[in-house]
Amino acid sequence: MADSIVMEEMTWPQVKAALEGGFDTVILQSASVEQHGPHMPLLTDTLIGAEVAKRIALKLGKTLVAPVIRPGLSNHHMAFSGSFTVSPETFKAMIEDCCSSLAFHGFRNIILLSSHGGNFTYIDGIAPSIQLSMKRQGFDTRIIPHVNPGRYSRIQQDFLGEKYGVPLEEAGFHADVIETACMMVIRPDLLHMDQAAPGYIGDNLPLLDRIFVEGMHSVTANGIIGDPRRATPAMGEALLEHLTGTLAGELQRRLGRS
Ligand SMILES: [Zn+2]
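Residues numbered from 1 in each chain as written. Predicted model: local features only at pLDDT ≥ 70, side-chain atom pairs only at ≥ 80, totals over all residues.

Enquirer: Run through unusual backbone geometry, naming residues and quoting values.
Expert: A cis geometry characterises the amide bond from R70 onward to P71, with omega recorded as -5°. Among the secondary structure elements, P71 is positioned in the loop between β2 (63–65) and α3 (88–105). Unlike most non-glycine residues, K62 shows phi in positive territory, near 50°. Looking at the element boundaries, K62 is found in the loop between α2 (44–60) and β2. Owing to 15 C-beta atoms within 10 Å, K62 belongs among the partly exposed residues under this scheme. (Helix = DSSP H or I, 4+ residues; strand = E, 2+ residues; numbered from the N terminus. Buried ≥ 20, exposed ≤ 12 C-beta atoms within 10 Å, placed from the backbone.)

What follows is the structure, given as structure tokens:
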């Protein structure tokens, strides 16, 4: 058996053996390459997304992780240098073509996740047409989107409030204490904590509509929603386990395994 469940790190005979050994499920994570404040790299969502996908796959069992799709839908971050965005058509084509590749190799369940908020609603919207496309191509593969807008953040914000006493306004949802703590676990070498500073502080979920229309820069000058300064590696580890445990439990039920 392969040491890794990350397809890109595996050889083709290892993937073949996994499929023959009952690995019928795969996670296709979408992310972004976009600004994450002055203290974190553009790759933040991609790195967190890869880690989250890996932890969920291990919890589910018999599940592999496909390449993380990025850049994503990041129009609202373009005022910040270096951010990438792709058109909805390009994004959809990437997801659909990856699903076709995975279905072609024999995966029966493709779980669509996103570690970037801007992709959430869109993925939910295109999932039925990708499912139809699988059928038209003759694949008996189930497309399972699990991207409830706002909820991904909420699971972590609530946990942070209960366990660490961080108020909702400070927890934020972009380049915040949550993402910073996770990055302290995943790639601490890419952080510049001396540059970490508060961004927009306040009731932040009602901001979403404005952010998607007017851009992040309309509410935050440094690109942060929340305050990243309380982040610790222990907090990051606890958050990653809480989020992936919650999502894996929900997905087990959707897969009909529990
Ligand atoms: Zn992010």
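Now that the structure has been shown, the text picks up again.
Enquirer: Tell me about helix α5 (residues 151–164), residues and numbers included.
Expert: If you check α5, its first and last C-alpha atoms are 19 Å apart, about what 14 residues at 1.5 Å a residue would give, namely 20 Å. Among all positions of α5, only Y152, S153, Q156, Q157, F159 and L160 are buried. Along α5, the residues classed as buried sweep out an arc of 165° about the axis, all on the same side. Summarising the contacts, the buried residues of α5 are in contact with α6 (168–171), α7 (177–186) and α9 (233–254). Phi turns positive one or two residues past the end of α5, at G165, with a value near 65°. (Expected span 1.5 Å × (residues − 1). Arc of directions from axis to C-beta. Contact = placed C-beta atoms within 7 Å.)

Enquirer: An account of the pairing of strand β3 (residues 109–114) is needed here, citing residue identities and associated values.
Expert: For β3, a buried count of six out of six residues is recorded, marking the element as mostly surrounded by other parts of the structure. The side-chain alternation of β3 yields two buried faces, one formed by N109, I111 and L113 and the other by I110, L112 and S114. The sheet contact formed by strand β1 (residues 25–30) and β3 spans six bridges and is parallel. Within β3, the position partnered with V26 by the bridge is I110. Pairing geometry for β3 and strand β4 (residues 142–145), over four bridges, is parallel. Bridging from a neighbouring strand, N109 pairs with R142 of β4. Read as a crossover between parallel neighbours, the route from β3 over helix α4 (residues 117–136) to β4 is right-handed. (Pairing = 2+ DSSP bridges. Right-handed = clockwise from strand over helix to strand, strands pointing away.)

Enquirer: Please give an account of the nonpolar core that cites residues and values.
Expert: Core analysis: the biggest nonpolar cluster contains 63 residues, and I27, L28 and I110 have the highest contact counts within it. Residue contributions to this core peak at eight residues, all from α2. Not counting residues within four places of it along the chain, the set of residues in contact with I110 comprises V26, L28, C99, L102, T141, I143 and I144. (Core = buried A, V, L, I, M, F, W, Y, C linked by C-beta atoms within 7 Å.)

Enquirer: Describe the environment of H174, naming the residues involved and giving the relevant values.
Expert: By secondary structure assignment, the location of H174 is in the loop between α6 and α7. You can call H174 buried: it has 30 C-beta atoms within 10 Å. As for H174 and S153, which are separated by 21 residues in sequence, their C-alpha atoms are 9.2 Å apart. Apart from the residues lying within four places of it in its own chain, the contact partners of H174 are I224 and I225.

Enquirer: Tell me about the environment of M134, and name the residues and values.
Expert: Checked against the element boundaries, M134 lands in helix α4. Take M134: there are 19 C-beta atoms within 10 Å of it, and that puts it in the partly exposed class. C-alpha of M134 to C-alpha of R70: the two residues are 64 residues apart in sequence and 22 Å apart in space. In contact with M134, other than residues within four places in its own chain, are C99, A103, F139, T141 and I143.

Enquirer: Tell me about the packing of α2 against α7, and please be specific about residues and values.
Expert: Close contact between α2 and α7 brings their axes to 10 Å; oriented N to C, the two are set at 70°. Judged by the inter-axis angle, α2 sits roughly perpendicular to α7. Considering the relative orientation of α2 and α7, their crossing is left-handed. Residues T44, L47, I48 and E51 of α2 lie in contact with α7, whose contacting residues are E179, C182, M183 and I186. Here the contact of α2 with α7 is composed, by residue class, of five nonpolar, one polar and two charged. (Axes fitted to C-alpha atoms, helices over the stretch in contact; angles between N-to-C directions. Parallel < 35°, antiparallel > 145°, perpendicular 65-115°, else oblique. Left-handed = near helix turned anticlockwise from the far one by under 90°. Nonpolar A, V, L, I, M, F, W, Y, C, P; charged D, E, K, R; others polar.)

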